[in-house]
Amino acid sequence: MKSRDLENTLAIFKREFLSYFNSPVLYVIVVIYLLASMGFTFFFGRILDSDNASLTQPFFFWHPWIYIVLAPAVGMRMWSEEHRLGTFELLMTMPLSPWQAIIGKFIAAALVWFISIALTFPVVITICWLGNPDPGPIMTGYAASFLYALGCLAVTSAASAFTRSQVVCFIVSVALCLLLTLIGYPGIVDTVARTLPASLESIVRFVSYLSFLDHFYEMTKGIFVFRDVLYFLSVIVVALLVTHLGLRAKRA
Amino acid sequence: MIQVQNLRKVFGSKVAVDDVSFSVEKGQVLGFLGPNGAGKSTSMRMVTGYFRPTSGSIKVGGIDMLEDPELAKRSIGYLPENAPLYSDMTVASFLGFCAEIRGLRGAAKSKAIDRVLELCFLENVRNQSVDTLSKGYRHRTCFAQSIIHDPEVLILDEPTDGLDPNQKHEVRGLIKRMGETKAIIFSTHILEEVEAACSRAIIIDRGKIVADGTPDQLKKLVPGAHSLDEVFRSITRPDTVK
């Protein structure tokens, strides 16, 4: 990587990151995220009644469902807005490669999520104050949570490359994230495996293995397996490749 | 500076640009004329590296646009049609972003910003949000972006579109002044602009070049025509004609 590549990526990142904070949408999403994650933890997760100093069940368990809706809400403007404003044409006639722009934008959105997730720190303080939790599952839980958000963001990036409408991008991304989550939902997987002939069960298991959820739960249990991290990284790489294809199609 | 050869662009079954060749040297201002939908914008988008041509070659400053687009784009400044801007930025921060992508940093960057702000009469709106600008200011901000790195090649798609007569006059003067040291292509519907600012003009109709020459040569193309306007109307067909 040449220094010029890095500088261009950084310039895109900087503009994109600052523009998140110029719009009220981000603040709304962060507040909803914090309210939702805490609300689920205390009301549905019943963290105070569980008598168990662990965040896995009451806290991290709900994160995938929150990201399915909120990650696309953050990422939907990524490329759709460029298409709508026409700045995409400006950007693509400047001396930078599409990859520098794709990566710069993705990292900016990723940092937004990193900050949002970091802002849930009071729940960690609470659990440490109330009990004596095992730090391992908390750390892997946070890593899993962040990777889940990144996976959803990458899918949103891909969807936004194809449309100038943020609404279309949002709906398509939510649907895709939901699909990638539900194909690994234990209840659904078991039902499908039971209704289909036994010979197809290995295929059903394989499909469920491709879901976000499968790898997420493995990680939140406190087992930091390189395989699961690699899974999320490959999802991101594939989604960004699709983003690149989408942008190329727009310039056909 | 710009060499375009046998450029062709096909969208589906529609031929937008058909076998267009031209070249522009330093110190030349080339006017691009033609009815709406004739292929002016498409040609410009190919020269700036936004669209990939179906066939043909584009060289800017001796560098092939298709082989090394990043290098070729460095010497180009481009004002797209409708002057797109990031609506959530201020004028100065937008120009700062463009300068950074053009590789300008630190003192060189702030000097470049000050220079184009002055050149395009934008000092009053320096810290104003792009969202709140009037059309003339928006246009000039995007124009400022195209000259921030003092490029050798300038490509302007309808640079005077939507401006008031004073602003039009100003932009024409700017193009003419910069044309002394740069290679410029600009498209327009206003024919008096061609006479005011161009050293050469090309008329495109339905993707093909139908006339090429200095404004005076073009006038002699049609016997009995007194103005470019008459020439234009007699050699191009209105888009209602099949």
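See above for the structure.
Residues numbered from 1 in each chain as written. Chains lettered and ligands numbered in written order. Predicted model: local features only at pLDDT ≥ 70, side-chain atom pairs only at ≥ 80, totals over all residues. Heavy atoms only, no water.

Caption draft 1: Quick peek at the overall build of chain A. Helix and strand content of chain A: 13 helices and zero strands. Ordering the α and β elements of chain A from the N terminus gives α-α-α-α-α-α-α-α-α-α-α-α-α. Based on the C-alpha atoms only, the size of chain A along its principal axes is roughly 60 × 50 × 35 Å. Counting only residues that meet the buried cut, chain A has 51% of its 252 residues in that class. At a minimum sequence separation of 6, the contacts of chain A that also span at least 24 residues come to 78%. Split by element, the accessible area of chain A, about 11600 Å² in all, is 74% carbon and sulfur. Taken as two groups, the 16 positive and 14 negative side-chain charges of chain A have centres that lie 11 Å from each other. (Helix = DSSP H or I, 4+ residues; strand = E, 2+ residues; numbered from the N terminus. Buried < 20%, exposed > 50% of the residue type's maximum accessible area, 1.4 Å probe, protein only. Contact = heavy atoms within 4.5 Å. Areas by Shrake-Rupley, 256 points an atom, 1.4 Å probe, with all protein chains shown as cover. Lys, Arg positive; Asp, Glu negative; His and termini not counted. Charge placed at Lys NZ, Arg CZ, Asp CG, Glu CD.)

Caption draft 2: Spotlight on the sheet that holds strand S7 (residues 153-157) of chain B. Residues and elements named next belong to chain B. Taken in spatial order, the six strands line up as S6-S7-S8-S3-S9-S10 in an open sheet, and their pairing is mixed. Single-partner strands in this sheet number two, and they are strand S6 (76-79) and strand S10 (208-213). Within this sheet the neighbouring strands show an average axis-to-axis angle of 15°, counted without direction. Both S6 and S7 contribute to a ladder of four bridges, which runs parallel. Looking across to S7, one finds that Gly77 is bridged to Leu154. Sheet strands in contact with helix H9 (residues 228-235) are strand S3 (29-33), strand S9 (200-205) and S10, and its direction is about 30° off that of S9. (Pairing = 2+ DSSP bridges. Axes fitted to C-alpha atoms, helices over the stretch in contact; angles between N-to-C directions.)

Caption draft 3: Up close: the interface of chain A and chain B. Every contact between the two is made by 28 residues of chain A and, on the other side, 30 residues of chain B. Buried area between chain A and chain B, both sides added, is near 2700 Å², and the carbon and sulfur share of it is 56%. Joining chain A to chain B, the criterion identifies four salt bridges. A salt bridge links Lys14 of chain A to Glu100 of chain B; the nearest nitrogen and oxygen atoms lie 2.8 Å apart. Counting the contacts that link chain A with chain B gives 10 residue pairs in polar contact (both at pLDDT 80 or more). In terms of residues, the side of chain A that touches chain B owes the most to one element, helix H1 (residues 3-22) of chain A, which gives nine residues. In terms of residue class, the side of chain A that touches chain B is made up of 11 nonpolar, eight polar and nine charged. (Buried area = accessible area lost by both parts, 1.4 Å probe. Salt bridge = Lys/Arg side-chain N within 4 Å of Asp/Glu carboxyl O. Polar contact = N/O pair within 3.5 Å; in protein donor to acceptor, adjacent residues only side chain to side chain. Nonpolar A, V, L, I, M, F, W, Y, C, P; charged D, E, K, R; others polar.)

Caption draft 4: Spotlight on a nonpolar patch on the surface. Residue and element names in this part refer to chain A. Where nonpolar side chains cluster on the molecular surface, the patch consists of Tyr185, Ile188, Val192, Leu196, Leu200, Ile203, Phe206, Val207 and Leu210 and spans about 710 Å² of accessible area. Mapped by element, the contributors of at least two residues to the nonpolar patch are helix H10 (186-195) and helix H11 (201-209). When residues of the nonpolar patch are assigned to their parent elements, the largest contribution, three residues, is made by H11. Its place among the elements puts Leu210 in the loop between H11 and helix H12 (212-220). (Patch = residues over 30% accessible without salt bridge, like charges linked within 9 Å, V, L, I, M, F, W, Y side chains within 5 Å.)

Caption draft 5: Region of the structure containing the nonpolar core. With 144 residues, the main nonpolar core has Trp113 of chain A together with Phe22, Leu95 and Ile185 of chain B as its most contacted residues. Looking at which element gives the most residues to this core, the answer is helix H8 (residues 135-162) of chain A, with 12 residues. Once you skip the residues sitting within four places of it in the chain, Ile185 of chain B turns out to touch Ile2, Phe22, Val24, Leu30, Phe32, Met44, Leu154, Ile155 and Leu156 of chain B. (Core = buried A, V, L, I, M, F, W, Y, C linked by side-chain atoms within 4.5 Å.)

Caption draft 6: Local environment of the pattern of salt bridges. Residues and elements named next belong to chain B. Within the structure shown, the criterion is met by 20 salt bridges over all chains. The partner of Asp18 in a salt bridge is Lys208, with the nearest N and O atoms 3.0 Å apart. Taken together, the residues Asp18 in strand S2 (residues 14-24) and Lys208 in strand S10 connect sequence positions 190 residues apart. When its relative accessible area of 17% is taken as the criterion, Asp18 is described as buried. Between Lys182 and Asp150 there is a salt bridge; the shortest N-O distance is 2.6 Å. With Lys182 in the loop between helix H6 (165-178) and strand S8 (183-187) and Asp150 in the loop between helix H5 (135-146) and S7, this pair connects stretches of sequence that are 32 residues apart. You can call Lys182 buried: its relative accessible area is 5%. By relative accessible area, Asp150 is classed as partly exposed at 48%.

Caption draft 7: Region of the structure containing helix H13 (residues 226-250) of chain A. Across its 25 residues, H13 of chain A extends 36 Å between first and last C-alpha, which sits within 8% of the 36 Å expected from 1.5 Å per residue. Those residues of H13 of chain A that sit buried are Asp228, Val229, Tyr231, Phe232, Val235, Ile236, Ala239, Leu240, Thr243, His244, Gly246 and Leu247 of chain A. (Expected span 1.5 Å × (residues − 1).)

Caption draft 8: Structural context of the packing of H1 of chain A against helix H3 (residues 91-101) of chain B. Contact geometry for H1 of chain A and H3 of chain B: axes closest at 9 Å, N-to-C directions at 165°. By the angle between their directions, the pair H1 of chain A and H3 of chain B is classed as roughly antiparallel. Handedness of the H1 of chain A/H3 of chain B crossing: left-handed. Residue-level inspection shows Arg4, Asn8, Ala11, Ile12, Lys14 and Arg15 of chain A of H1 of chain A in contact with H3 of chain B, the latter providing Phe97, Glu100 and Ile101 of chain B. Classifying every residue of the contact of H1 of chain A with H3 of chain B gives four nonpolar, one polar and four charged. (Parallel < 35°, antiparallel > 145°, perpendicular 65-115°, else oblique. Left-handed = near helix turned anticlockwise from the far one by under 90°.)

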